[in-house]
Protein chains: 2
Amino acid sequence: MSKIKKDNTEEKILEAAKTVFIKKGMDGARMQEIANEAGINKALLHYYFRSKQKLFEAIFTNLFKQIFPNIIKLMTSEEPIEKKLKEFIENYIDILTNNPRLPAFILREINRGVDFFGQIFRSQSINPNIIFAMFENEMEKGNIVRMNPRDIMLNILSMCLFPFAAKPLMQLMLFENDSEAYTQFMEERKASVTKFVLNAILLKDKHL
Amino acid sequence: MSKIKKDNTEEKILEAAKTVFIKKGMDGARMQEIANEAGINKALLHYYFRSKQKLFEAIFTNLFKQIFPNIIKLMTSEEPIEKKLKEFIENYIDILTNNPRLPAFILREINRGVDFFGQIFRSQSINPNIIFAMFENEMEKGNIVRMNPRDIMLNILSMCLFPFAAKPLMQLMLFENDSEAYTQFMEERKASVTKFVLNAILLKDKHL
DNA sequence: TCTAGTTTTGACCATCTGGTTAAACCATAT
DNA sequence: ATATGGTTTAACCAGATGGTCAAAACTAGA
């Protein structure tokens, strides 16, 4: 048994499937295209993963974990709220810069109406309540403005994720389709969004 | 020639196609499904619109206009910046509440890599520069914080659009999949986002 | 009523697509 | 060398899908 060979093709398949699925989505992707991308015979896809569905689940599950990675970890450190948010936003935008197509892919698939993604999410056992409690604690201490912690969380996620999900549109709208300008813009956004959020919620001196 | 009949079926088709395309996207939608939804024969779809592509373009073009409707109009009134932003956010979230699936649909299709959407956008002749100039003018007057006006615009759009685009995920994450709670939350967000944005950019007294 | 034009339909077609199968291939152990 | 067992391939299949077509059904004017 040649384990080296097996591991190699399996990885090639996963890599190819990831590329194709992210670009085309479950519906748009073709098994033949994945096979070509991996440089192998189409039947091999079914040999390693029984069906398109199973292959997709393997990819999606893995990618989904990457986009909601250590949110909890980042949000529950012992740092002051300013630093906590700053590091979260910077880290998150960095992750997304390295995986720019992930947000659009995830959004596309969670909107397909198949309940499969719900299972993934539940199995992740992400508990947002810990984060909400953290925000509420800061409100008690008078550090930040009183508001629904869900809004804070959602606002931050929106400002980080949406610009990637809507890249084709925003790049056209804001930078006449100049891809490099948009990348540069996202880099600067790490500081910009941080400032924006802190300005919005900090109670003490306005952080400028 | 029975104009009444014709207009009727054509409208039925457009309505059905809109429903199906929004739910399934171009790739996922089936002509048969659209025909069923419209309660007509599949061949009629091709009689009125030559191909799936043509039918899709008719729908997409129309929907696309709805989501970037009167942005300019709303943003260039003579009202003070506070009121301008308040009304924009409230109007925009209202529009989206009435068309909750639109953001996900648009995002899905603009990420399909087909350049067709670029043409639509250009034909819309939306000029963001007018909005940027407006923000820059407010900065000159010392009304708002100095920052890239693109960031302001993108932040607002993000906070309005993303919660709808990511509804299946956020509803699960924030409200244990309680749909009504999420709707209620979006209603309250009109005020919350407005406050958030004004807090973030206004220079004078912190608007609470 | 008859006729000409339009709308609607069922049957059909070529192609694509996910999936299967049987045979070939190949490294290893005996 | 040859038997063994995992790996890879070409050929194939059934069902789905976008699209076509000729005929039927309908409408309105002569």
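Residues numbered from 1 in each chain as written. Chains lettered and ligands numbered in written order. Predicted model: local features only at pLDDT ≥ 70, side-chain atom pairs only at ≥ 80, totals over all residues. Heavy atoms only, no water.

Focus: the pattern of salt bridges
For the structure on display, the rule yields 18 salt bridges over all chains. Between K141(A) and E138(A) there is a salt bridge, with its nearest N and O atoms 3.9 Å apart. Here D94(B) makes a salt bridge to K190(B), at a shortest N to O gap of 2.9 Å. Here K190(B) lies in helix α12 (residues 179-201) and D94(B) lies in helix α6 (residues 81-98), a separation of 96 residues in the sequence. Of the residues examined, D94(B) reaches a relative accessible area of 31% and is grouped as partly exposed. On the basis of relative accessibility, which here comes to 12%, the residue K190(B) falls in the buried class. (Salt bridge = Lys/Arg side-chain N within 4 Å of Asp/Glu carboxyl O. Helix = DSSP H or I, 4+ residues; strand = E, 2+ residues; numbered from the N terminus. Buried < 20%, exposed > 50% of the residue type's maximum accessible area, 1.4 Å probe, protein only.)

Notes on the domain arrangement of chain A
Where interface size is given, it is often the accessible area lost as the parts come together that is meant. Residue and element names in this part refer to chain A. According to the domain assignment, chain A consists of domain 1 (3-59) and domain 2 (68-201). Taken together, the contact pairs nine residues of domain 1 with seven residues of domain 2. Summed over both partners, the interface of domain 1 with domain 2 comes to about 830 Å²; 64% of that surface belongs to carbon and sulfur atoms. On inspection of domain 1 and its partner domain 2, the count reaches zero salt bridges. Linking domain 1 with domain 2 are three residue pairs in polar contact (both at pLDDT 80 or more). Put simply, the parts of the chain that give the side of domain 1 that touches domain 2 at least two residues each are α1 (3-28) and α4 (52-67). In terms of residue count, α1 provides more of the side of domain 1 that touches domain 2 than any other element does, seven residues in total. Taken together, the residues that form the side of domain 1 that touches domain 2 break down as four nonpolar, one polar and four charged. (Domains from an automatic or database assignment. Contact = heavy atoms within 4.5 Å. Buried area = accessible area lost by both parts, 1.4 Å probe. Polar contact = N/O pair within 3.5 Å; in protein donor to acceptor, adjacent residues only side chain to side chain. Nonpolar A, V, L, I, M, F, W, Y, C, P; charged D, E, K, R; others polar.)

Digging into the relation of the copies chain B and chain A
The two copies are related by a screw operation: chain B maps onto chain A through 180 degrees of rotation and 0.0 Å of translation along the axis, at an RMSD of 0.1 Å. On this basis, the relationship between the two copies can be described by a two-fold rotation axis. Measuring from the rotation axis to each C-alpha of chain B, the shortest distance belongs to A200(B), at 2.0 Å. (Least-squares fit on C-alpha atoms with pLDDT ≥ 70 in both.)

Topic: the state of the cysteines
Counted according to the given criterion, the structure contains zero disulfides over all chains. Take C160(A): it sits in no disulfide, and the sulfur closest to it among the cysteines is that of C160(B), at 16 Å. Since its relative accessible area comes to 0%, C160(A) is described here as buried. (Disulfide = S-S within 2.5 Å.)

A word on unusual backbone geometry
What is expected of a backbone is that most residues other than glycine have negative phi and most peptide bonds are trans. All names here are of chain A. Within the chain, E176 stands out as a residue other than glycine whose phi angle is a positive 45 degrees. Residue position: E176 is located in the loop between α11 (167-175) and α12 (179-201). E176 sits in the exposed class, given a relative accessible area of 73%.

Re the interface of chain B and chain A
Tallying the contact residues gives 54 residues for chain B and 55 residues for chain A. Between chain B and chain A the total buried area reaches about 5,100 Å² when both faces are included, carbon and sulfur atoms providing 70% of it. When the area that chain B buries against chain A is broken down by residue, the three leading residues are F162(B), M173(B) and F196(B), summing to 14%. Linking chain B to chain A there are two salt bridges. Where R189(A) meets D151(B), a salt bridge forms, and the shortest distance between an N and an O atom there is 2.8 Å. Counting across the interface, chain B meets chain A through twelve residue pairs in polar contact (both at pLDDT 80 or more).

Some remarks on the protein's contact with DNA strand C
Within the structure, DNA strand C sits among 17 residues, and R30(A), K42(A), K52(A), Y47(B) and Y48(B) are positioned closest to it. When atoms of DNA strand C within 4 Å of the protein are sorted by moiety, sugar and phosphate together comprise 62%. Within the backbone of K52(A), a nitrogen or oxygen atom sits 2.7 Å from a phosphate oxygen of DNA strand C. Measuring from a phosphate oxygen of DNA strand C, one finds a side-chain N or O atom of T9(B) at 3.3 Å. Elements supplying a minimum of two residues to the surface near DNA strand C: α3 (42-48) of chain A together with α1 (3-28) and α3 (42-48) of chain B. (Near = heavy atom within 4 Å.)

Quick word on the packing of helix α10 (residues 149-165) of chain B against helix α11 (residues 167-175) of chain B
Residue and element names in this part refer to chain B. At a closest axis distance of 5 Å, the pairing of α10 and α11 adopts a crossing angle of 85 degrees. If you check the angle between α10 and α11, you find them roughly perpendicular. Residue-level inspection shows F162, P163, F164 and A165 of α10 in contact with α11, the latter providing K167, P168 and M170. Its residues assigned to classes, the contact of α10 with α11 comprises six nonpolar, no polar and one charged. (Axes fitted to C-alpha atoms, helices over the stretch in contact; angles between N-to-C directions. Parallel < 35°, antiparallel > 145°, perpendicular 65-115°, else oblique.)

Looking at the environment of N127(A)
Residues and elements named next belong to chain A. Topologically, N127 is positioned in the loop between α8 (116-124) and α9 (128-140). Taking the C-alpha atoms as reference, N127 lies 42 Å from N41; in sequence the two are 86 residues apart. A polar contact is formed between the side chain of N127 and the backbone nitrogen of N129, at a distance of 3.0 Å.

Section: α10(B)
Residues and elements named next belong to chain B. For α10, spanning 17 residues, the distance from its first C-alpha to its last is 24 Å, which sits close to the expected 24 Å at 1.5 Å a residue. Along its length, α10 shows its largest kink, about 30 degrees, at M159, and proline P163 lies within four residues downstream of that point. Counting buried positions along α10 gives 16 out of 17 residues, so the element sits mostly inside the fold. Where α10 starts, the residue carrying a side-chain oxygen 2.9 Å from the main-chain nitrogen of R150 turns out to be N148. (Expected span 1.5 Å × (residues − 1). Bend = angle between axes of the 7 residues up to and from the residue.)

A look at the packing of aromatic side chains
When we look at a pair of aromatic rings, we describe it by the centre distance and by the angle of the planes. Enumeration according to the criterion identifies 27 aromatic pairs over all chains in this entry. Aromatic pair F60(B) and F64(B): ring centres 5.7 Å apart, planes at 35 degrees, arrangement tilted. Placement of the pair is F60(B) and F64(B) together in helix α4 (residues 52-67), with a separation of four residues, close to one helical turn. Among the aromatic residues, those joined into a ring-pair cluster are F21(A), F56(A), F60(A), F64(A), F105(A), F116(A) and F117(A). Across the ring face of F56(A), the terminal group of R112(A) is positioned such that the distance to the ring centre comes to 5.8 Å. (Phe/Tyr/Trp six-rings, centres within 6.5 Å; stacked < 30°, edge-to-face > 60°. Lys NZ or Arg CZ within 6 Å of the ring centre and 35° of its normal.)

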